[in-house]
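# Observations on the model geometry
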Amino acid sequence: MNDIQTKIQALRQKINTLNYNYYVLDKSDVSDYEFDKMLEELKQLEKEYPEYDDPNSPSHRVGGQITRNFPTVTHQKRMYSLDNSYSFEDIKDWAERVSKSIDDSVEYVCELKYDGLSISILYENGKLKQAITRGDGFQGDDVTPNVKTIRSIPLELSGKYPELFFIRGEIIMPKKSLEKLNAERIKEGLEPYANPRNTASGSLKLQDNSEVSKRGLDCYLYYVITDDTQYSTQWDSLQHAKNMGFKVGNYAKLCSTLEEVYQFIEYWNTERHHLPFEIDGIVIKVNSISEQEELGYTAKSPRWAIAYKFKAEKVETQLLSIDYQVGRTGTITPVANLKPVQLAGTTVKRASLHNEDFITNLDLRINDIVFVEKGGEIIPKIVDVNYDKREPGTIKLDFIKNCPACGTPLIREEGEAAHFCPNEKNCPPQVTGRLEHFVSRKAMNIDSVGAETVSMLHEKGLVNDIADFYTLKKEQLIHLDRMAEKSAQNMIEGIEKSKEVPFEKVLYAIGIRHVGETTAKKLAKEFRSIDRLKKASVEELENTEDVGEKIALSIREYFSDPEHLNIIRRLREYGLQFETEDTQEAISDVLGEKTFLFTGKLTAFTREQAEEMVEKHGGKNISAVSKNLNYLVVGEKAGSKLKKAQQLGTVIILDEYQFLDLIHNNSAVLRDE
Ligand code: AMP
Ligand code: ZN
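We now turn to the structure provided with this report. For clarity, every value in this text was computed on a predicted model and none was experimentally measured.

### Focus on the nonpolar core
In this structure, Phe246, Ile282 and Ile284 are the most contacted members of the largest nonpolar core, which totals 65 residues. With sequence-adjacent residues up to four places away left out, Ile282 is seen in contact with Cys110, Glu111, Leu112, Lys113, Phe264, Ile265, Trp268, Ile306, Ala307, Tyr308 and Phe310. Listed in part, the 52 residues of the second largest apolar core include Leu457, Leu477, Leu480 and Leu507.

What follows is the structure, given as structure tokens:
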């Protein structure tokens with residue numbers, strides 16, 4: 001090993017240890033700053049000496065890999081599910097069944113039932129090789145690049161380990177991670193995620209693993225599978241997993257009587273609310289592995305284990321009043337004010353009532369006694385009314401007819417559940433909401449202008465619409481309350497810098513109804529400039545991936561308003577980006593503006609490469625089969641798109657090689673001419 005290798009090795013080891021201490025043992029040895037410096041140094045070295053890079057280097061934890069489709073793989077050992085039980089009675093029955101097969105007195109291990117998604121990770125020679133989701137138990141998805149971003153999962157093991165083994169556990173989203181994610185989403189005007197398990201599962205399936213890396217996922221391991229007869233008990237295997245560097249937690253308990261098992265359950269039934277993550281029950285396992293083998297499996301689950309599921313907690317309280325909140329795009333959300341009540345470890349005072357139908361379906365009335373429940377979701381829900389306790393003389397609730405903020409009559413469009421206030425221009429929460437959205441991180445990212453500043457600027461009449469930000473002068477800002485010279489300067493600089501923000505973000509920032517971050521990206525890619533987008537027909541818009549009629553109509557409506565056009569004109573004058581920068585050099589224009597769509601599994605190139613080729617040769621990619629489509633390129637197992645194209649009869653159908661011929665032969669012709 002040369003000096004560089006030694007240095008890289010030492011850095012990796014140091015970082016791995018720090019990661020382990022921080023994410024598994026929960027103690028921090030160095031400041032974030034020092035940690036980042038080390039990581040930076042490692043990344044730099046790996047960049048300079050790519051020959052020493054290693055897929056298991058801790059520098060890769062921050063991601064940087066895109067997975068379009070997670071390959072389906074077969075589990076070498078099936079992943080079973082667990083039988084459920086809901087009462088001590090059920091557990092007793094199970095224990096009796098166990099005792100029938102086992103002569104000795106049985107020992108049990110009680111563990112927390114982590115509420116996430118199960119994962120099976122393969123280690124070979126101490127290195128993480130592959131991570132597969134449960135799927136249907138026989139086959140799952142290979143999500144290795146994403147799993148590697150989870151800091152508490154070791155990429156390389158220390159100490160003694162079996163040469164080859166699987167370890168199984170649960171990937172979870174800790175309460176804090178979800179809070180952080182939701183705070184960001186709310187700031188962006190997005191709906192917060194309600195359910196930690198679904199969010200964990202959705203996060204693990206993100207295509208961009210640098211996004212996964214930011215989600216703060218965690219993983220608890222509970223099952224080692226190896227052919228070496230290393231352990232004789234589940235308890236020992238948990239201890240060994242801990243020693244190998246896995247996060248196991250200190251929650252499990254070895255019990256020799258059912259009484260102890262019940263105590264464990266009772267304890268965690270209330271204590272679970274103080275855990276940093278959600279659990280939905282307790283898992284009870286027979287401790288001895290030879291006894292486990294003797295008991296074996298049913299068609300679906302091991303006979304040697306059973307899950308006890310906690311009941312969702314439910315309490316009664318009184319509905320005091322209803323508030324109606326107005327969102328950035330005018331959507332009205334009714335919110336219940338409840339008599340404060342303790343539920344699942346927190347005081348509940350408010351609950352969303354969603355929309356008019358929700359209220360009507362429950363026939364909810366002011367002063368009603370309602371049942372509030374907290375299951376797997378973070379936000380408590382009103383699930384029912386105790387009609388027996390309803391006071392006489394209460395009256396049916398009428399959903400408000402006018403906007404609580406500006407008095408404008410509300411509209412509920414056909415097929416929509418929500419009401420909205422159409423006074424987009426002058427309804428105060430909509431105006432400030434739009435301004436806040438404009439400066440937010442995923443939009444123009446002007447972080448020197450926070451929500452409070454926006455309100456103040458609006459109150460003082462300095463900023464009435466999004467274009468006004470670009471007219472602000474430092475002198476105007478300095479005179480505002482609590483505004484120091486330095487922060488005024490920062491604001492001006494931040495605003496100036498936002499002029500470089502790419503078109504796709506500008507498109508999201510201007511706040512077209514129903515155009516979220518992803519849709520904006522796709523529209524920017526498809527149309528490449530605001531002028532082309534402005535001119536697009538509903539049908540052309542609908543050809544864009546993810547754009548349906550609702551979004552298409554909303555875009556048309558947006559551009560038909562002269563005031564919007566005026567704002568765009570002004571923003572353009574101030575220097576904002578309204579075109580996608582052409583990073584792709586055109587090679588030819590043999591495809592002559594013809595439209596292409598790819599379907600099925602491609603083998604000669606990836607879909608991304610294919611689309612790039614189309615663009616580089618002057619063609620256009622569209623996302624659906626319609627009469628605007630000229631060519632459909634089909635890979636293996638093409639399905640409905642191919643059928644539809646055949647039915648239309650106007651689409652030319654090519655395989656991948658014919659597509660390549662089209663480009664190459666044509667370009668040859670062009671060159672010869
Ligand atoms: P269910 O999804 O309700 O069938 O419950 C079975 C699932 O519980 C398993 O597939 C695991 O993902 C999960 N689980 C959570 N914690 C544990 C644990 N400590 N031991 C075994 N399985 C667990
Ligand atoms: Zn209003």
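### Brief notes about the site of ligand 1
Looking at ligand 1, there are 13 residues lining it, with Glu111, Ser118, Arg134, Glu170 and Lys285 nearest. Glu111 has a polar side-chain atom sitting 2.9 Å from a nitrogen atom of ligand 1. Of all the elements in the fold, those that place two or more residues in the shell around ligand 1 are strand E3 (108-114) and strand E10 (279-286). Of the residues forming the shell around ligand 1, the biggest block, 4 residues, is contributed by E3. Residues of the shell around ligand 1, tallied by class, amount to 5 nonpolar, 2 polar and 6 charged.

### Overview of the sheet that holds strand E7 (residues 164-172)
The strands making up a sheet associate through backbone hydrogen bonding, with each pair oriented either parallel or antiparallel. The strand order across the open sheet formed by 4 strands is E5-E4-E7-E8, and the pairing between neighbours is antiparallel. A single partner strand is all that each edge strand has here, and the edge strands are strand E5 (127-133) and strand E8 (218-225). Strand-to-strand twist across the sheet, computed as the mean angle between neighbouring axes with direction ignored, equals 30 degrees. Direction of pairing for E7 relative to E8: antiparallel, over a ladder of 7 bridges.

### A word on the pairing of strand E15 (residues 369-374)
The buried fraction of E15 is high, at 5 of 6 residues. Bridge count between strand E12 (residues 313-326) and E15: 6 bridges; the pairing is antiparallel. Across the sheet, residue Thr317 finds its bridge partner in E15, namely Val370. Of the strand pairs in this sheet, E15 and strand E16 (residues 381-385) are connected by 4 bridges, and their pairing is antiparallel. Bridging across to E16, Val370 finds its partner in Val385.

### Structural notes on the coordination of the zinc ion (ligand 2)
The coordination sphere of the zinc ion (ligand 2) contains the protein donors Cys403 (SG), Cys406 (SG), Cys421 (SG) and Cys427 (SG), at a distance range of 2.2 to 2.4 Å. Coordination at the zinc ion (ligand 2) comes from 4 donor atoms whose angles at the metal span 100 to 115 degrees, giving a geometry best classed as tetrahedral. Within one chain, the residues serving as donors to the zinc ion (ligand 2) are arranged as C-x2-C-x14-C-x5-C. Taken as a pair, Cys403 in the loop between E16 and helix H12 (428-439) and Cys421 in the loop between E16 and H12 lie far apart in primary sequence, 18 residues in all.

### Some remarks on the side chain of Asn386
Here Asn386 lies in the loop between E16 and H12. What Asn386 contacts, discounting residues up to four positions off in sequence, is Glu316, Ile369 and Phe371.

### Some thoughts on the pattern of salt bridges
Going through the model one piece at a time under the given rule, you end up with 40 salt bridges. With a shortest N-O distance of 3.9 Å, Lys43 and Glu40 are connected by a salt bridge. Taken together, the positions of Lys43 and Glu40, both in helix H2 (residues 32-48) and 3 residues apart, correspond to about one turn of that helix. Residue Glu40 is classed as partly exposed on the basis of its relative accessible area, which comes to 44%. Residue Asp531 is joined to Arg572 by a salt bridge in which the shortest nitrogen-to-oxygen separation is 3.2 Å. Taken together, the residues span a long stretch of sequence, with Asp531 in helix H18 (residues 530-535) and Arg572 in helix H21 (residues 562-574) at a distance of 41 residues. Under the relative-accessibility criterion, Asp531 is labelled partly exposed at 25%. Classification of Arg572 as partly exposed rests on a relative accessible area of 32%.

Rules used throughout
Residues numbered from 1 in each chain as written. Chains lettered and ligands numbered in written order. Predicted model: local features only at pLDDT ≥ 70, side-chain atom pairs only at ≥ 80, totals over all residues. Heavy atoms only, no water. Core = buried A, V, L, I, M, F, W, Y, C linked by side-chain atoms within 4.5 Å. Buried < 20%, exposed > 50% of the residue type's maximum accessible area, 1.4 Å probe, protein only. Contact = heavy atoms within 4.5 Å. Near = heavy atom within 4 Å. Polar contact = N/O pair within 3.5 Å; in protein donor to acceptor, adjacent residues only side chain to side chain. Helix = DSSP H or I, 4+ residues; strand = E, 2+ residues; numbered from the N terminus. Nonpolar A, V, L, I, M, F, W, Y, C, P; charged D, E, K, R; others polar. Pairing = 2+ DSSP bridges. Axes fitted to C-alpha atoms, helices over the stretch in contact; angles between N-to-C directions. Donors = N, O, S within 2.8 Å, 3.2 Å for Na, K, Ca; no water. Tetrahedral: all angles 85-135°; square planar, octahedral: opposite > 155°, others 65-115°. Salt bridge = Lys/Arg side-chain N within 4 Å of Asp/Glu carboxyl O.

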